[in-house]
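Each chain, letter by letter, is given below.
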Amino acid sequence: MSTAISSAPIDPAAIPQRTLYTGAKMPAVGLGTFGSDHVSAEAIAQAVRDAAAIGYRHFDCASVYGNEAQIGAAFSDILQSGIKREELWVTSKLWNDKHGEDDVIASCKQSLHDLHLDYLDLYLVHWPFPNFHPPHCDVTSRSPDAKPYIHENYMRTWRKMEELVNMGLVRHIGTSNMTIPKLKLLLRDARIKPAVNEMELHPHFQQPQLFQYVVENGIQPIGYCPIGSPGRPERDRTPEDTSPTEDPVILEIARRHGIHPAAVCIKWAVQRGQTPIPFSVNHYRDNLACLLNDPLSTEEMQQIAAIDRNCRLIKGQVFLWKDGQTWEALWDLNGEITPA
Ligand SMILES: NC(=O)c1ccc[n+]([C@@H]2O[C@H](COP(=O)([O-])OP(=O)(O)OC[C@H]3O[C@@H](n4cnc5c(N)ncnc54)[C@H](OP(=O)(O)O)[C@@H]3O)[C@@H](O)[C@H]2O)c1
């Protein structure tokens, strides 16, 4: 309950920042806003208000989370409280059923309207697949018109993303749920290159090659599910999944520092160089406060590097386009884009 959270503010200037290739600064931790179907839009909007009051400046939103209108009301309150727009970093994302050339700009404008903003700091293509599936559907659900990744189509969507930058509606554009072969094509063809790639990153899924690839190409990695998404819906769970916050190495480091295992995951993420965006309506202050002191040692960072289990939690099964495929087809595991 939010009443249990200390309201003592944290100076946003004390939170590390990432410098994007444009020179813009992005706070190195953000608040996720996807309530995994069990936290109401109002409760999340209230967490956004309270989190801004205690020092958060970075918020990860998306149209598909179904709560941008409520979060927009929170942003109005935050701006009225005296926090300036330029102090905030707001991300939103284009959903999969809006990749069409006529839909991208309209969809961004709708998010801006809902969020009560006149520009976004960052707009992402949420998934590289244009496949609609209804909210809350089961992992076995498939769209009858599902398509594989088709680079020419993605570039048509990307051109509209670039237009949003030129129109001044969006400061940066970026990708999410991409792979190295897809990013290679995009970097070859983009006029405005992605400033970030949002990707699943936690101690049990460290994606070292993709992480290195984006960093080497001047793209900031934003890490989703940084705690291992303990509250994710049943439909996103499989028996093979593991939990970083139950890992003995994380538990031991947490015990040594006197913090929750979740805070170890956040400290590790920020020290490694990604920008975690933990969702929280109850512990969000801890996820900022843990960055203020007592960093993980080099040895602890190495111990965490060694517990990677290559355990992807968000597998994306609903985006599969052919019968008989398994989720691995979405992630180009053999280094080439999975053929149609
Ligand atoms: N781009 C994409 O495709 C994509 C995909 C998935 C997620 N995301 C973004 O990433 C965000 C985070 O992912 P996620 O929500 O799945 O997982 P997550 O941030 O790994 O986990 C959130 C869960 O951890 C708990 N938690 C957070 N901080 C804690 C702490 N210090 N101590 C104990 N428990 C703590 C939260 O509980 P309380 O609420 O009780 O604090 C919540 O149940 C999403 O909200 C969304 O913005 C993006």
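Residues numbered from 1 in each chain as written. Predicted model: local features only at pLDDT ≥ 70, side-chain atom pairs only at ≥ 80, totals over all residues.

1. A short note on the sheet that holds strand β3 (residues 31–32)
Right, so step 1: Strand order in this open sheet of eight strands is β3-β4-β5-β6-β7-β8-β9-β10, and the pairing throughout is parallel. The open sheet terminates on both sides in strands that have one partner only, identified here as β3 and β10 (275–276).
Right, so step 2: Two elements, strand β6 (residues 122–125) and strand β7 (residues 173–176), share three bridges in a ladder whose sense is parallel. For Val 125, the partnering residue across the bridge sits in β7 and is Thr 175. (Pairing = 2+ DSSP bridges. Helix = DSSP H or I, 4+ residues; strand = E, 2+ residues; numbered from the N terminus.)

2. Quick notes on the packing of helix α7 (residues 248–257) against helix α8 (residues 261–272)
Right, so step 1: At their nearest, the axes of α7 and α8 sit 8 Å apart, and the two run at 95° to each other. Here α8 runs roughly perpendicular to α7, going by the angle between their axes. Across the interface between the two elements, Ile 250, Leu 251, Ile 253 and Ala 254 from α7 touch Pro 261, Val 264 and Cys 265 from α8. (Axes fitted to C-alpha atoms, helices over the stretch in contact; angles between N-to-C directions. Parallel < 35°, antiparallel > 145°, perpendicular 65-115°, else oblique. Contact = placed C-beta atoms within 7 Å.)

3. Notes on the pairing of β6
Right, so step 1: Neither face of β6 is left uncovered, since the one carrying Leu 122 and Leu 124 and the one carrying Tyr 123 and Val 125 both have all their residues buried.
Right, so step 2: Sheet topology note: the strand β5 (residues 89–94)/β6 ladder contains four bridges and is parallel. Its bridge partner lying in β6, Lys 93 is registered against Leu 124.
Right, so step 3: For the crossover that starts at β5, traverses helix α3 (residues 104–115) and ends in the parallel β6, the hand is right-handed. (Buried ≥ 20, exposed ≤ 12 C-beta atoms within 10 Å, placed from the backbone. Right-handed = clockwise from strand over helix to strand, strands pointing away.)

4. What about helix α4 (residues 151–166)?
Right, so step 1: The terminal C-alpha atoms of α4 lie 22 Å apart, and with 16 residues this matches the ideal 22 Å at 1.5 Å per residue to within 8%.
Right, so step 2: Listed as buried for α4 are Tyr 154, Trp 158, Lys 160, Met 161 and Leu 164. Angularly, the buried residues of α4 cover 155° about the axis, an arc narrow enough to put them on a single face. Turned more than 90 degrees from where α4 packs its buried face, Glu 152 and Asn 166 sit exposed.
Right, so step 3: At its buried positions, α4 is contacted by α3, β6, β7 and α5 (180–189). (Expected span 1.5 Å × (residues − 1). Arc of directions from axis to C-beta.)

5. What to know about the pairing of strand β9 (residues 220–224)
Right, so step 1: Of all five residues that make up β9, five are buried, and the element is covered over most of its length.
Right, so step 2: Here β9 shows no split at all, with Gln 220, Ile 222 and Tyr 224 on one side and Pro 221 and Gly 223 on the other all buried.
Right, so step 3: Relative to β9, strand β8 (residues 196–200) is paired through five bridges, and the arrangement is parallel. Across the sheet, the residue bridging to Asn 197 is Pro 221, located in β9.

Distances and angles like these do not, on their own, reveal function.
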